[in-house]
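Architecture at a glance
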Amino acid sequence: MEEKPVKLNVNNRIYELKVKPYQTLLHVIRNELGLKGTKYGCGTGECGACTVLIDGKAVHSCLMLAAQAEGKIITTIEGIGTYEKPHPLQQAFVEAGAVQCGFCTPGMILSAKALLDRNPNPTTEEIKRSIDGNLCRCTGYVNIIEAIRTAAEQMRRNQT
Amino acid sequence: MREFSVVGKSVPKIDALSLSVGKPLFTDDVEFRDLLHAKILWSPHAHAKIRNIETREAEALSGVHAVICFKNVPRVLHTTAGQGWPEPSPYDTLVFDNKVRYVGDRVAAVAAETEETACKALKLIKVEYEPLQPVFDSERAMDEGAPVIHDEPDARYLIPVFYDPMHNHCAHIDLSIGDFGAGIKSADFVIEHKFKTHYAQHCTLEPHSCISYFDSYGRIVIRTSTQIPFHIRRLVAACLQIPEKMVHVIKPRIGGGFGSKQCMVIEDVCAFLAMRTKHPVRLAYTREEVFVSSRTRHPMVMWTKTGVRKDGAISAIELKVLSNTGPYGAHAMTVMSNTCAKTLPLFRCNNIKFTGDTVYTNLPKAGAYRGYGETQGTFAMAIMMDEMAAAIGMDPVEFWKKNTIRKGETSPIFKALGEVGSGVDMIVESCSLAECIDKGATAFRWNEKRERYKNQLEGALKHGVGMCCIMHGGTVSLLDMASASAKINEDGSFNLLVGAADLGTGADTVLSQIFAETLGIQVEDVIVYASDTDISPFDKGAYASATTYVAGGAVLKTAQKIRKKLLNEASAILHEPKDNLIIEKKAIVSTKTGKKIELGQIAKKTLYTNSRRGRNLFQIAATASEYSRLNPQSFAAHFVEVAVDTETGQVKVLKYLAAVDCGTPINPKLAEGQIHGSIINGIGYALTEELVFDRKGCVRNPSFRDYKICSSLDIPEEMVTMLVPSYEPTGPYGAKTLGEINISGPLPAISNSIKNAVGIRLCETPFTPEKILKALKKK
Amino acid sequence: MTCFCRVKKKQMHKFYIASEVPSKQRNRNLSFRPKAYLKPTSIHQAVSLLSKHGEKAIPLAGGTDILVDKPSNIEYLVDITGLPLDYIRKGKEGVRIGALSTFNSVETSDLLGKGPYSILVDAARKMGSTAIRNVATVGGNICNAVPSAEFPPALIALDAMVKIVGSNGDRIIPLEEFFKGIRKTDLKTGEILTEIQIPILPPCTGTALFNISRSSVDISTVVVAVRVTIGKNGTCQKAKIAIGGGIGPTCFVSKACKLLQDEKIRDHLIEKVALEVSAELNPRSTSIRGSPFFKKEAVKVLVKRALRQALTKTGEEC
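Residue numbering note: each chain is counted from 1, following its sequence as written. Ligands are numbered from 1 and chains lettered from A, in the order in which they are written. Selection of residues for local features in this predicted model requires a pLDDT of at least 70, selection of side-chain atom pairs for listing and counting requires 80 or more, and totals for whole chains, interfaces and linings are taken over all residues.

Before going further, it helps to examine the overall build of chain B. Strands are runs of DSSP state E lasting at least two residues, helices are runs of H or I lasting at least four, and both sets are numbered from the N terminus onward. Broken down by element type, chain B carries 19 helices and 26 strands. Atoms counted for the radius of gyration: C-alpha only. Globule rule: 2.2 Å times residue count to the power 0.38. For 779 residues, the compact-globule formula gives about 28 Å, and the C-alpha radius of gyration of chain B, at 27 Å, lands near that figure. Overall, chain B is about 90 × 70 × 50 Å in size when its C-alpha atoms are taken along their principal axes.

Bringing the overall build of chain C into the picture now. In terms of helices and strands, chain C carries 12 helices and 15 strands. Put simply, chain C has 318 residues, and 51% of those count as buried. Note that contacts rest on C-beta atoms placed from the backbone: two residues are in contact if these are within 7 Å. Taking the intrachain contacts of chain C between residues at least 6 apart in sequence as the baseline, contacts between residues at least 24 apart amount to 64%. With C-beta atoms placed from the backbone, a residue is labelled by how many other C-beta atoms lie within 10 Å of its own: buried for 20 or more, exposed for 12 or fewer, partly exposed between the two.

Take the domain arrangement of chain C next. All names here are of chain C. Boundaries between domains were set according to an automatic or database domain assignment. Splitting chain C by domain gives domain 1 (31-79), domain 2 (88-198) and domain 3 (205-316). Domain 1 and domain 2 are separated by 20 Å when their C-alpha centres are compared. Listed as interface residues are 13 residues of domain 1 and, on the opposing side, 16 residues of domain 2. Partitioning the side of domain 1 that touches domain 2 into residue classes produces 6 nonpolar, 5 polar and 2 charged. Side-chain classes follow a simple rule in which Ala, Val, Leu, Ile, Met, Phe, Trp, Tyr, Cys and Pro form the nonpolar group, Asp, Glu, Lys and Arg form the charged group, and the remainder, Gly included, forms the polar group.

All names here are of chain B. Over its 12 residues, helix α12 (residues 433-444) extends 16 Å from the first C-alpha to the last, a length consistent with the 16 Å expected when each residue adds 1.5 Å. Those residues of α12 that fall on the buried side of the exposure criterion are Leu433, Cys436, Ile437, Gly440, Ala441 and Phe444. Take α12 and look down its axis: the buried residues cluster within an arc of 115°, on one side only. Against α10 (396-403), α13 (446-452), β16 (461-473), β24 (633-645), β25 (651-661) and β26 (718-723) lie the buried residues of α12. Immediately downstream of α12, the backbone of Arg445 shows phi near 60°, a positive value. Any helix carries an expected span of 1.5 Å times its number of residues minus one. The arc in question is the one traced by the directions running from the helix axis out to the C-beta atoms.

All names here are of chain B. If you check the domain split of chain B, you get domain 1 (16-23 + 480-627), domain 2 (32-132 + 205-256 + 261-293) and domain 3 (300-477 + 629-778). With centres defined by C-alpha atoms, the gap from domain 1 to domain 3 works out at 38 Å. Opposite the 19 residues of domain 1 that make contact, domain 3 presents 21 residues. Elements represented by at least two residues in the side of domain 1 that touches domain 3 include exactly α14 (507-519) and α15 (547-574).

Right, let's talk about the sheet that holds strand β9 (residues 209-214) of chain B for a bit. Residues and elements named next belong to chain B. When DSSP finds two or more bridges between a pair of strands, those strands are recorded as paired. Taken in spatial order, the 7 strands make up an open sheet running β3-β5-β1-β12-β9-β10-β11, and their pairing is mixed. In the strand order of this sheet, the two ends are held by β3 (64-68) and β11 (247-250), each with one partner. Shown here is a sheet whose adjacent strand axes are inclined to one another by a mean of 20°, direction ignored. Direction of pairing for β3 relative to strand β5 (residues 106-112): antiparallel, over a ladder of 4 bridges. Bridging across to β5, Val67 finds its partner in Val110. Helix α3 (residues 115-124) contacts β1 (36-42), β3 and β5 of the sheet and is inclined by roughly 30° relative to β1. The axes are straight lines fitted to the C-alpha atoms, using for helices just the contacting stretch, and the angles between their N-to-C directions are given from 0 to 180°.

Turning our attention to the interface of chain A and chain B. Across the contact, 42 residues belong to chain A and 46 residues belong to chain B. For the side of chain A that touches chain B, the elements supplying multiple residues, two or more each, are α2 (88-95), α3 (105-118), α4 (124-130) and α5 (142-159) of chain A. Per-element tally for the side of chain A that touches chain B: the top contributor is α2 of chain A, with 4 residues. Grouping the constituent residues of the side of chain A that touches chain B by class yields 19 nonpolar, 15 polar and 8 charged.

Okay, α15 of chain B next. Look at α15 of chain B: 38 Å from first C-alpha to last across 28 residues, which is about the 40 Å you get at 1.5 Å a residue. Just downstream of α15 of chain B, His575 of chain B is the residue with a positive phi angle, here 55°.

Bringing the pairing of strand β12 (residues 205-212) of chain C into the picture now. Residue and element names in this part refer to chain C. Burial of β12 is extensive: 8 of the 8 residues sit out of reach of the surface. Of the two faces of β12, the one lined by Thr205, Thr207, Leu209 and Asn211 and the one lined by Gly206, Ala208, Phe210 and Ile212 are each fully buried. As paired elements, β12 and strand β13 (residues 222-230) share 8 bridges and run antiparallel to each other. Across the sheet, Asn211 pairs through a bridge with Val223, a residue of β13.

Residue Pro86 of chain B follows Trp85 of chain B across a cis peptide bond; omega there is -5°. The phi torsion at Asp55 of chain A lies on the positive side, around 50°, for a residue other than glycine. Of note, Asp55 of chain A is situated in the loop between β3 (51-54) and β4 (57-60). In this structure, Cys204 of chain C is a non-glycine residue whose phi angle is positive, near 60°. The exposure class of Cys204 of chain C is partly exposed, given the 19 C-beta atoms found within 10 Å.

Take the environment of Ala624 of chain B next. Residue and element names in this part refer to chain B. Along the polypeptide, Ala624 turns up in strand β23 (residues 621-627). Here the alpha-carbon distance between Ala624 and Thr558, two residues 66 residues apart in the chain, equals 5.0 Å. Setting aside its immediate chain neighbours within four residues, Ala624 contacts Ser483, Ala484, Ala554, Lys557, Thr558 and Lys561.

Now for the packing of helix α17 (residues 668-687) of chain B against helix α18 (residues 746-758) of chain B. All names here are of chain B. Contact geometry for α17 and α18: axes closest at 8 Å, N-to-C directions at 55°. As summarised for this structure, α17 and α18 are arranged oblique, according to the angle between their axes. α17 and α18 meet at a crossing whose hand is right-handed. Between α17 and α18, the residues in contact are Ile679, Gly682, Ile683, Tyr685 and Ala686 and Pro746, Leu747 and Ile750, respectively. Considering only residue class, the contact of α17 with α18 consists of 7 nonpolar, 1 polar and no charged. Small angles under 35 degrees read as roughly parallel and large ones over 145 as roughly antiparallel, with 65 to 115 read as roughly perpendicular and the rest as oblique. Crossing handedness: left-handed means the near helix sits turned counterclockwise from the far one by under a right angle, and right-handed means the same turn made clockwise.

What follows deals with the sheet that holds β24 of chain B. All names here are of chain B. The strand order β16-β24-β25-β26 describes an open sheet built from 4 strands, whose pairing is mixed. Two strands close off the open sheet at either side, each with one partner strand: β16 and β26. Taking the axes of each pair of neighbouring strands and ignoring which way they run, one obtains an average angle of 15° across the sheet. Lying over the sheet, α18 contacts β16, β24 and β25, oriented at roughly 150° with respect to β16.

What follows covers the packing of helix α11 (residues 267-280) of chain C against helix α12 (residues 292-316) of chain C. Residues and elements named next belong to chain C. Look at α11 against α12: their axes get within 8 Å of each other, and the N-to-C directions meet at 145°. Crossing geometry of α11 relative to α12 is assigned as right-handed. Contact residues: Ile270, Glu271, Val273, Ala274, Leu275, Val277 and Ser278 in α11; Lys296, Val299, Lys300, Val303, Lys304, Leu307 and Arg308 in α12. In terms of residue class, the contact of α11 with α12 is made up of 8 nonpolar, 1 polar and 5 charged.

The next point concerns the confidence of the model for chain C. Residues and elements named next belong to chain C. Per-residue confidence from the prediction method is given by pLDDT, with values spanning 0 to 100. Looking at chain C, the pLDDT average stands at 88 and 89% of residues meet or exceed 70. The model gives residues 1-27 a pLDDT under 50, and that stretch makes 45 contacts with residues more than four places away or in other chains. In the predicted assembly, ipTM is 0.98 and pTM is 0.96.

All names here are of chain B. You can see Gly371 is positioned in the loop between β15 (352-360) and α9 (374-392). The spatial distance from the C-alpha of Gly371 to the C-alpha of Ser545 is 9.1 Å, given a sequence separation of 174 residues. The contacts of Gly371, once residues within four sequence positions are left out, are Glu740, Ile743 and Ser744.

Attention now goes to the environment of Lys595 of chain B. Residues and elements named next belong to chain B. Mapped onto the elements, Lys595 comes out in the loop between β21 (587-590) and β22 (596-598). Separated by 184 residues in sequence, Lys595 and Ser411 place their C-alpha atoms 52 Å apart. Lys595 has contacts with Leu574, Glu576 and Ser590, leaving out every residue within four places of it along the chain.

Printed below as a string of structure tokens:
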């Protein structure tokens, strides 16, 4: 078994580690880097609980090998805001009642961030489409869509 | 709606920010040194004896610490059902048995240093099966000569109820009210239908996960994603043959429940492996295992016969239910009981006949699932209501209003049947169903749409509208108990300990609102800690839509006790009669003199300095309990508009409106979220979700790829929720229940709207395009 | 639902080793254990590595199929995402799509968004979810050769060719000939698919793509891609109907479009073609997404709708 040394840029921090060729980015994020916000929901790229941003685009980390992530800018939920200073999306999710069990929330927020970073004024259809790979069983998506819309408004205000 | 300071306000969920920033709050988010990983060996057979099982080679594999199976685990019959003791479910389950009863049943388990090693060890376990004939069809399971799934001589219920396992007959209930025969004779129209509902899986985003370890005092700790921490403690203790005092169960944040975690699913195996290995052991299901080896909704076959008179009165109702519990009887009787107990009291009819049977089959384990029998019962009855209305030419809205229970009324079924045996005689003390129907119909533009869709243009797409009403009585009457404890801190904040399990429902938040309201403080001053069997007082767990009503009642009582103590102290400190004092804004004020003392100051005095003035030092604290003396009903009216593509059979839900009476919504935003989530789950159940089996009883689609739940693109274009409050005098600040009721709307409402659109009646779920095409061709 | 499964007799069964379980997905993790991860920087290097390691090596692009299927007995993962194959070009020779273009690139491509090539955008939009489309590549999707894929029928309707590079040189073959069966292609050991080539389409060409799936984000039950070219005299000069969705082979090209040749396409002819296409199909009875009855009914409807829409669009392209 050839363990591959890799340098992973996660949340603007470089981690140097050795990964096995078959280890997924999800496994490494959770078990090697100790970042637990990214979740295992299905392992087959269907539920979106493992969503991270790779160079600003939403990607299922259960379907990406850790080795493939070298040279990319990886962002997990921990990298976009903190308890003390949450990202507008995180704040909007709280206020809109978009968080129930919270298991889908990190992935959902990152998919939304990928949308708003390139499309600051999305339509409802575009919002729905941006989270089409993030399943939620608790909220029925209604408040989530509302949260993303509110966050978009806030982010536009922050820009001006 | 009455005005309160904290209750009735949409305060943010107290854990929402932590969840949004990705804090490690779930079962599998902690790390342990020397953690072992467990994997389970599943049965490939639907029905087989295990003649022999050879585990030595697996045990010898480097990195393997233990292998367990029926040979080295004590034989302790139990039920896995998370229900109050003595459980109303048969004791027909073993941790490991020498018989397997469905594809996906447990055979053995391994604990090893890595998941990979555990998987390798599974492959080395040699099992000698003697396949037996399985039975998959619930309508044939009780036939003479059918294979017997539970032939062990000692399977039994702890309570005296019907049980005939030699005929796969797990439960039976008969109920007769009034004179059904006479009622049918007096009817102008008699309508009969057969209904079938199907297997569905809860699909909680978080798979079942458990970590078990010994603490420093030799006690076994179980950190698990469960709805029922106290029942888990009792059930695991029984299986491990140790006293409850040696078991400590902790429920962290959990990623959804919906009933799938209202059983002991994996905790027994995890705890056994921890005991054997003396290591912390982690057992987490893969998604496939969740689909196959956790729990599902009871599929049912139902037969209904109702009589209706031309004047619109329902003269007789008969409901026969055949429920399929799979290979084990957890929740078998109670879910079936609810198809009558929680459904039929809605209807103003005095001639009712109910026959319910639950059978064993060799298909996956059914268990609790949001709605819990009422979903299936409502499907049948709400369609019958639609059919009866059509038979007499009355608009469904008028028909429902005429025939549903009202405030001040009662139903003989309340007393005759509950979820477990007889129920509780009660009068409906809060009901705004008529208002729900009226407001919902107006906002939905029901009349206008009914008229518009009578004559539709040529073309493949046909629109239709349908509606239904639902009633859901929260709690298991007389058997649900919850407790709360609270104590004051120096800064005037409180620790509130509750046994209640927040599944993401927002229970912690709602309970803190009730507490805060009573003490004139804000939610920020309430620190909730929940669901830890060592620290929280008892709570039966999150099920039966009981948390707000029962746990809320316990919290209210606790707060009232603390309030009394605070007023006593303040009266002594301020030298003011108690009658002059009010609590507001975290202080106690005299309405007469304006003298004031902060709650924090009272705390400091009672904790530190009172003794200098000859008064007692003590902790201001209280504990209180509440139980379900009654099960007050929540109500809802659902309206749905669909478009049916008559060429492809596809159905699109265009608009869904739910008008809901849950008493006082303690937190309207959270209440709306519960309504949305239930409805979308119900729509998925109606249209796309379905577990599919092969001829050997194996689940063919155990993945999100192949079992389709609604995504963001599948929700109706328009979702409207209307909270239509009533005031339940027996509930905390007038609150009732909300968690389950709305999932029962989509199935019948969509069937009714399809009927309105294209004239076909679908009584078998899900309403797939193929079923619709076939029905259209037949028409 | 089956009542009783027939078991010949109550008999002692031989030893069942735990691995002999019927579920295809069981113990997937265990079988996928490649020893090495390699990342070539040139096509030549990639071909060389794949040739060297033969059956034990697999090219890895987006990974969204490989990491789900987790093929066993693979020792070398050859990550080809570093190769210069991520482009979409449109010029005099037609459209060229690099094999490493993601479905997101296709979906958002201005070059393809208008005109008859837009069915490629339509097909890309239906593929998986946003996060999948962000990394899944068109080349990987084609080489996976699953019958339910939406993209191949759209490509085939446009007479797409694929360019394959191997140690023996390059070759270009029609996509229809590239597919050899379910999950089987003409790709030989050591070869990689590098480019999709779509010829220039004549004027008055209209295309349409329709599908049915159980929910919005789902593998298609049926996909129909249609292309028609109308001549100056108003008759059909060329028509092609490609069907995907677990019908049988990876992508089925209907012979029924011959009925359209040199004819004015009217409603009655569309009906006839739709019936003919449906009759040609022999879907397997074991699909969980739809029975043969449903698929054949659905195909009829989708062919009609696609032909009508393609015909309408020919007017825009003249």
